[in-house]
Every structure is written in C-alpha cells, then in structure tokens.
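Here are the chains, one letter per residue:
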Amino acid sequence: MTPSSAPPPSGTARLPAGRFADRLYGGRDDIDSVFRKLELMTSVGATIGAVEQLATAETLADDGLFAWPVMRLRAPLWWRRAGEERLEKVFGYPGIVGLVQTRALTGLGLVLPGATRAQRGVLAATMCGTAHGLHTRMGGFGLDGSDHLTFVNYAVSAAEKAFGHDPRAREMLVRFLAAQVCMAYFTSGAAKLISPVWRDGTAIPEIFRTSTFGDPLFHRAVRDRPWLAKSVAWATILGEMAFPLVLVAPKPVARGILASGTVFHLGNARFMGLNRFVWSYCSTYPALAHVSRSLGPRARTAAPAGSPAGSPAASLTASAATAGRLLRAAAGPRGAAAVTAGAGLALLAGAAVRQAGRARDARLRRDAPGELLTVAGRTVHVLPRNSAADGPSVVFENGLAAPATQWGWVQRGLDPRTPSAAYDRPGIGWSDAADRPQGPDEAADVLAETLRTLGLKPPYVLVGHSIGGLLVRTFARRHPELTGGLVFVDATHPEQFVRSPRQREALPWIRQRMTTTGLQAALGLLRYSSRPQQMSGLPAPLGEATERIVRRPRLWRTAREELAESQRTWCPDARRPLPATDTPVAVVTAGETVRSDPLHAEFQRELALLSTVSRHDVVEEAGHESLVLDEAHAAHVVRAVEWARTRAAGGAAPVVPPKAGKTAKARPAPDSA
C-alpha cells in the first residue's frame, strides 16, 4: 500500500460531519476550494432571491410594476436585433418567470454537492447569463451592489474552470476577485466620506427612518443620540476604506477585518434587510484570505522546497528575485542614469500635458461667442448688444457656475434697440481666472470698469440670477450714481442660509456637487452629465459654445471658491441697506423653488420690499435654472427687465399681468445659490 493510499492513523479518522464538509467545500487544491466556497455561498443568496422573485411574480406581469412593455424601453438597442417576438418570448410574461425558475434551479445545483468542475463551470456561466438578462429586464430597478458582485463572482468562477490546467491564470483570477471586492468596499467608503450628511452623522437616522431600510428601534437610538449616529457613520466610513488592508495585514489583523466585515453585513441584514449582501460579499472572503497569505507579512521570500515550477509559491519567489535584481541595478551607475532619464521623461510628459491644456484654452478662447476685453490686466469675456445706444442699459450678473451665455434667451428677447451686456466673472466662462476669489467691493469695481471699457452708457438696470443677486446689490450700494434699477431672478437672499434650515442643510451638498462635477470635468466625463445638456437648449450658436466651456475643470473650481466667498463676504455685504429706496426693483421667482422651500417665498417678497417701486412675478412652472435657460420662462424675465428699464428712464410702464396658469409663488431649489 502506497503512503498516499494508507488509512489515517488511529484516532484521526474523519467524523461524518467533517467528511460532509470536505465533500461540500473541498476541492482538488486550495484555489478550487476557494471557488467552491464562493459558488456555494453566492448560490445560497441567489437561490433565495430567485425564490423571492417567484413569490412575487405578479410584479413582472404586463400590468405589474415591472411590466415588459415599459421595461423594454430601457433595454439596450442591440437586444432589438434579436427581434421583438423573440424578446417577448423570453422577457415578456410569463416567459420571464421561466428565466427566474431557471436561475433558482441552477443556483440549487451549485449548492448541492456532487457536481464536477466542468458542471460547476456550466452552472456558473448559466447564472451569469440569467443575471444579465434579469438585470437588463428590470431596467436597473430593484438592484443593488450585491447583484453586481454576484455577477462578478459567477463570471470569475466560470472563467476559472476554463483555465483548469493553468495555475498562474487561476491565481490571477483569485487576485482579480479580491481586488474587485476591495475596490467595492473602498469606493463605498470614499463616496460616504465626501458626503456631508455622512460626515456629520445625519445620514444614519435619515436612512433608518425609511420604510425600505428602516428599523424603528435603531432609528430611535440614533435619532436621540447624535454622538451615536456620528460614531456609526464614521465607523462605517473608516471600516470600508480600511478594508483593503486585509490583503497585507498580519494574520490576526486580517482575520479581524474579515470578522468585522461579516458582523457589518449581518447587522445590515438585521436592521436594513440587506440579506443578499451577506452571501455575495462574505462568499469572497476565502479568496481574500488566499491572496492575503501571498501578500501579507507572513508570505515567504522563498518558495518551500519541492514547490513545482509555475506554482504560486514559485511565482512569488521569482517575483522577489526579479525585484532584488532591479533594485541592485538601480543602485549602479546605469541605474542612476535610467532613473534620471525616467524623471526627465516624466517632466516632459507633464510639460506636454500643460501645453495641451493651454492649447485647448486658446482654442476655446478663439471660439468665444462674445468680445474679449482687457480690464485691470485680465481678459474679460463680454456679450454686448447694441452697446453704443443711450441708456438705461441692461447688465446681467450670472448665477453660480454659469457663463454669460446663460442669458441668451433673455438678451435675445429684449427690444433690439436696448443696450445690454452679459459678462463672465474671473475664472468663469471665457474670462481669465483671478489669483484669489473676489470680494464684493472688488467685484463691483471690476464690473464698473468693464462697463466703462465696453462703452455701455449708464444708468444700468442690473439683472442678477441666483448668487448674482448678491453682487448686484453690492454694485447698487457702491455705485448708486450708475444704478437705474434692479431685477432679481430667483436670486439668493443674503440671509437664506441663516434663516432657512433647508437651505442651510443644502449648502454642503452644493459644495459637494461643485467638487464632484469638477472631478468629472477633469476626467472628461462631464459630457455625460446633465449640466452641459441643460445649456444645449440656448439659442445658436451659444448652446454649443456653452456646452464646451462648462466642461472645463477650472470653471467648477472657481464656482466652489465663489460659493465659499459668498458665505464669507458677499452675503454679509448684501445685507447692508441700499442708498435709495425708490430705485425700481423687479423680482421674478421660480415656482419650483418655492415648493421645495416655502421660506423662499418670504425671501423673495423681502427683495421686492427693498424699494417702494417694485413688482413681483412668480413663474409657477419654472425651476431655478430653467427660469433663464428655457425660452418660454425667460419671457417673464424679459418683461420684468423692460418694466425696470422703462421706470429707470422716467416712464410709468404699466405692470403686465401674468398669463393665466403661468405664474404662482416660488420655491428655492436646494442648490438655488
């Protein structure tokens, strides 16, 4: 009898439970055992999910919540190449029920012991196919991170079966899976870190007060104890962001991280009902433990004696030897020369990127739709119209992160004989950036100098949208001799962030939006955002030019700086009284903004009370942005501007009554700054 076939020594015979565990979890080697555990745990969750879907199959019917006649509108275009009839058979009702049944039976096949590696590969591939079909069929509704990771688990498991005789490929697949899981945890924590409601802990009671993810007991505990809510929030953030350390931490620490992850998911299952995360995420922990043994401090620097060529241990030894040779080579004269050359290439690459940015800026500047003036040594972009005519002239002050072109419909709607100008503040649109954010007095003086350089004749009717409303008040106070009237277009009230809890709570979100949008712009992803699309509706050629300019990262950096400066200096300065109380004042308010925060209506009425000569219109259907970006809504702004201009000229223009159904009281959107 050979040693390999000898019976175990006396007293070491496997108990029935141990033999069952070997049969259930065991594999031909360590990697096969990792994937067997992955398939088993993932399939338990997937099977339970499929059974739950079958129990509520009526939601998939043609008159249900996820009816195929509606969901197919969200299906990929390439699906339609298969033909509507074929798609109807598979994804219509009751065909879709058969797909869910297939998923349940396939998952059960992976749970039960006895399947060969080839059979497990086929079953895993089938689970991938059914997952893709159901994900797309549901149009993204009702899905979460566990569904996506489940798909990854099955895809990696199926691929591993295709490389059964290639140990390096199998090892790389395990490491790929471990990297995916670590990235999922880290990005989840990073997303929470940049969220102001997670940093201050207010997200926790808000989450647990909902019927979807809530728990009354836990909600009462964190609602009444802000310190506990903040502790839970930061424990979650730090735990998720630190999770990748499991790959390199000492064995006791790595085990502690995995145990903490298990407790975290069990807690989510108990208090939030996120049961599927337990199965999809915890099933990857054997893969993490396997990779940790290779990367952690306990990994040997040399392969054990007798390690076969191509084994993970031998690969690790070869990698260490290669790294040693590279380090020794770098220490020599040739290595130093190579490092110097590499540093030079890096500098050249940086210079090339910088030059490309400058070339792009120059190209955008050549495409500027208005005139480029030199004011106080900087280039200022201005959109003038009939600037040689006598005043009163109309001057537009833009909102946050908005170039001068946002006034395209308003400027076009004015009488052709009306002199007007819209301009870009430093760092916005096509204007040069300033060394630091402008204070209110400096901004007013730069605007006055810009208007003198342009030759636009006073008095000026100043029109401010959103945060621009603060600056027109400063201009009117600092240059009363040049001011003929004020028009506030859903403008920021200087005390709205102090007196309105909703606006105050929204302020961190606005800052976050400026930051994330700037990152999207830097990565070239802003073209897929809604912001450029909002601007595309402006009159030609302004729409196309604006779409391009709002993709510049610099604009969003400046917008964030302006938002901070508005809190420091613009709002306090705008609280100061105006020198004249009979300056014509027109207020145009967006109805959607009022509905989001009823206090906004009060703020807008207070703006109208700045003068004894005023009017206040509320455009019921308009939003904070569409009030100037939508042609129909902009017509209300045009009427208010013409009214103020006529009054500034000494006339007594009658108040134009709003059309029926077109006006109402306004709401400040959370980002109405």
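Reference entry: report on the structure contained in this document. (Residues numbered from 1 in each chain as written. Predicted model: local features only at pLDDT ≥ 70, side-chain atom pairs only at ≥ 80, totals over all residues. Heavy atoms only, no water.)

Considering the environment of Ile428
You can see Ile428 is positioned in the loop between strand S4 (420-423) and helix H19 (440-454). Residue Ile428 is classed as buried on the basis of its relative accessible area of 1%. Those residues in contact with Ile428, other than ones at most four positions away along the chain, are Ala402, Pro403, Leu555, Thr558, Ala559 and Glu562. (Helix = DSSP H or I, 4+ residues; strand = E, 2+ residues; numbered from the N terminus. Buried < 20%, exposed > 50% of the residue type's maximum accessible area, 1.4 Å probe, protein only. Contact = heavy atoms within 4.5 Å.)

Overview of the side chain of Asp490
Mapped onto the fold, Asp490 is located in the loop between strand S6 (483-489) and helix H21 (496-499). At a separation of 3.0 Å, a polar atom in the side chain of Asp490 contacts the side chain of His600. (Polar contact = N/O pair within 3.5 Å; in protein donor to acceptor, adjacent residues only side chain to side chain.)

Digging into unusual backbone geometry
Glycine aside, a negative phi is what most residues show, and trans is what most peptide bonds show. Residue Pro94 is reached from Tyr93 by a cis peptide bond, and omega for that bond is 10°. In this fold, Pro94 is placed in the loop between helix H4 (84-91) and helix H5 (95-111). Omega for the peptide link from Ala540 to Pro541 comes to 0°, which places this bond in the cis form. Inspection of the secondary structure assignment puts Pro541 in the loop between helix H23 (530-535) and helix H24 (542-549).

Description of the pairing of S4
Here S4 shows no split at all, with Ser420 and Ala422 on one side and Ala421 and Tyr423 on the other all buried. Both strand S2 (residues 378-385) and S4 contribute to a ladder of four bridges, which runs antiparallel. Of the residues in S4, the one forming a bridge with Val382 is Tyr423. Bridge analysis of strand S3 (residues 393-397) against S4 gives three bridges, and the strand direction is parallel. Bridging across to S4, Phe396 finds its partner in Ala422. In terms of handedness, the path from S3 via helix H18 (residues 408-413) over to S4 forms a crossover that is right-handed. (Pairing = 2+ DSSP bridges. Right-handed = clockwise from strand over helix to strand, strands pointing away.)

Structural notes on the sheet that holds S3
Reading across the sheet, the eight strands line up as S1-S2-S4-S3-S5-S6-S7-S8 and stay open at both edges, with mixed pairing between neighbours. Strand pairing shows two members of the sheet lacking a second neighbour, strand S1 (371-375) and strand S8 (614-619), which therefore form its edges. Each strand of the sheet is rotated relative to its neighbour by a mean of 25°, with strand direction disregarded. The pairing of S6 with strand S7 (residues 585-590) spans four bridges and is classified as parallel. Bridge pairing links Val489 to Val588 in S7. Lying over the sheet, helix H20 (residues 468-478) contacts S3, strand S5 (460-465) and S6, oriented at roughly 155° with respect to S5. (Axes fitted to C-alpha atoms, helices over the stretch in contact; angles between N-to-C directions.)

Focus: the pattern of salt bridges
A side chain of one charge can pair with a side chain of the opposite charge when the charged atoms of the two come close. On inspection of all chains with the given rule, the structure shows 33 salt bridges. Across the pair Arg120 and Glu39 runs a salt bridge, and its minimum N-O distance is 2.7 Å. Linking Arg120 in helix H6 (residues 117-137) with Glu39 in helix H2 (residues 30-55), this pair joins segments that are 81 residues apart in sequence. Ionic pairing is found between Arg417 and Asp415, a salt bridge with its closest N-O pair at 3.0 Å. Residue class for Arg417 comes out exposed when judged on its relative accessible area of 63%. For Asp415, a relative accessible area of 26% gives the class partly exposed. When salt bridges with common partners are traced through the structure, they connect Asp32, Arg36, Glu39, Arg117, Arg120, Glu160, Lys161 and Arg170 into a single cluster. (Salt bridge = Lys/Arg side-chain N within 4 Å of Asp/Glu carboxyl O.)

Details of the nonpolar core
Ile204, Phe243, Val246 and Leu288 are the most contacted members of the largest nonpolar core, which totals 41 residues. In terms of residue count, helix H8 (residues 167-193) provides more of this core than any other element does, seven residues in total. Residues in contact with Ile204, not counting those within four places in the same chain, are Trp198, Phe218, Val222, Ala229, Val232 and Ala233. Counting residues in each nonpolar core, the second largest holds 37 residues, with Ala404, Val461, Leu629 and Ala644 among its members. (Core = buried A, V, L, I, M, F, W, Y, C linked by side-chain atoms within 4.5 Å.)

Considerations on the packing of H6 against helix H7 (residues 145-162)
At a closest axis distance of 8 Å, the pairing of H6 and H7 adopts a crossing angle of 150°. One finds that H6 runs roughly antiparallel with respect to H7. As H6 packs across H7, the resulting crossing turns out to be left-handed. For the pair H6 and H7, the contacting residues are Arg117, Arg120, Gly121, Ala124, Ala125, Met127, Cys128, Ala131, His132 and His135 in the first and Asp147, Phe151, Tyr154, Ala155, Ser157, Ala158, Glu160 and Lys161 in the second. Considering only residue class, the contact of H6 with H7 consists of nine nonpolar, four polar and five charged. (Parallel < 35°, antiparallel > 145°, perpendicular 65-115°, else oblique. Left-handed = near helix turned anticlockwise from the far one by under 90°. Nonpolar A, V, L, I, M, F, W, Y, C, P; charged D, E, K, R; others polar.)

Thoughts on the layout of surface pockets
A volume near 650 Å³ is recorded for the second largest pocket. Taken together, 24 residues form the lining of the second largest pocket, with Lys192, Glu240, Phe264, Asn268 and Met272 sitting closest to its centre. Mapped by element, the contributors of at least two residues to the lining of the second largest pocket are H8, helix H10 (203-208), helix H12 (226-242), helix H13 (251-272) and helix H14 (275-282). Residue contributions to the lining of the second largest pocket peak at seven residues, all from H13. Looking at the lining of the second largest pocket residue by residue, the classes come out as 16 nonpolar, six polar and two charged. (1 Å grid on protein atoms, 1.4 Å probe; cavity = no way out; pocket = protein on both sides within 12 Å on 5 of 7 lines; lining within 4 Å. Points joined across faces, edges and corners; volume = space filled by probe spheres on them.)

Some words on a nonpolar patch on the surface
Taken together, the side chains of Leu245, Val248 and Leu295 present a nonpolar region at the surface, about 260 Å² in accessible area. Within the secondary structure layout, Leu245 lies in the loop between H12 and H13. (Patch = residues over 30% accessible without salt bridge, like charges linked within 9 Å, V, L, I, M, F, W, Y side chains within 5 Å. Areas by Shrake-Rupley, 256 points an atom, 1.4 Å probe, with all protein chains shown as cover.)

As for the packing of aromatic side chains
For the structure on display, the rule yields eight aromatic pairs. With a centroid separation of 4.5 Å and 45° between ring planes, the pair formed by Phe208 and Phe218 is classed as tilted. One end of the pair, Phe208, is in helix H10; the other, Phe218, is in helix H11 (residues 216-223), with 10 residues separating them in the sequence. The same class applies to Phe208 as to Phe218, namely buried. On the basis of an interplanar angle of 35° and a centroid distance of 5.9 Å, the ring pair of Phe243 and Tyr285 is categorised as tilted. Here Phe243, found in the loop between H12 and H13, pairs with Tyr285, found in helix H15 (residues 285-295); they are 42 residues apart in sequence, far enough to count as distant. The exposure classification of Phe243 matches that of Tyr285, with both residues buried. One aromatic cluster is present, formed by Tyr185, Phe243, Phe277, Tyr281 and Tyr285 through successive ring pairs. The ring of Trp198 carries Lys192 above its face, with NZ or CZ at 5.2 Å from the centroid. (Phe/Tyr/Trp six-rings, centres within 6.5 Å; stacked < 30°, edge-to-face > 60°. Lys NZ or Arg CZ within 6 Å of the ring centre and 35° of its normal.)

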